Amino acid sequence: MRLLLAEDDTALARVLTAGLRQAAYSVECVTDGPSASAALNSGEFSICILDIGLPGHSGLQVLQQLRR
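Attention in this report is confined to the structure presented alongside it. In this text, all values refer to a predicted model and were calculated from it rather than measured experimentally.

Cut-off values and rules
- Residues numbered from 1 in each chain as written.
- Predicted model: local features only at pLDDT ≥ 70, side-chain atom pairs only at ≥ 80, totals over all residues.
- Heavy atoms only, no water.
- Core = buried A, V, L, I, M, F, W, Y, C linked by side-chain atoms within 4.5 Å.
- Buried < 20%, exposed > 50% of the residue type's maximum accessible area, 1.4 Å probe, protein only.
- Helix = DSSP H or I, 4+ residues; strand = E, 2+ residues; numbered from the N terminus.
- Contact = heavy atoms within 4.5 Å.
- Pairing = 2+ DSSP bridges.
- Axes fitted to C-alpha atoms, helices over the stretch in contact; angles between N-to-C directions.

1. Side note on the nonpolar core
- Listed in full, the nine residues of the largest apolar core are L4, A6, V30, A36, A39, L40, F45, L54 and V62.
- Counting only elements with at least two residues in this core, the list comes to β1 (2-6) and α2 (33-41).
- Tallying contributions element by element places α2 first for this core, with three residues.
- Sequence-distant contacts of A39, defined by excluding residues within four places in its chain, comprise L4 and F45.

In C-alpha cells:
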C-alpha cells in the first residue's frame, strides 16, 4: 500500500517513515503543501498523513483542494 507523508520536520518525518516502512508500507515523503497537492493529484496513494502546518499551503488547504 502506498502512503504519502507530508511533514516538514525532517527528524519527525525520518522516524515516521522508518516506522511505516517497518509496518510494510511504501512511503513517499514531501515537505511542503504544494508538493503534497501535486503528489495527491497523481492518484497513486491509498493513504495520506498531512501535517497541519506545512509551508506553502497548510495541510487543511491541501485537504480542501483534494476534496474539490
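2. Looking at the sheet that holds strand β2 (residues 26-30)
- Pairing is parallel across the open sheet formed by three strands, whose spatial order is β2-β1-β3. Bordering the open sheet on either side are β2 and β3 (47-50), each of which pairs with just one other strand. Ignoring strand direction, the axes of neighbouring strands in this sheet form an average angle of 20°.
- Pairing of β1 with β2, which is carried by five bridges, proceeds in the parallel orientation.

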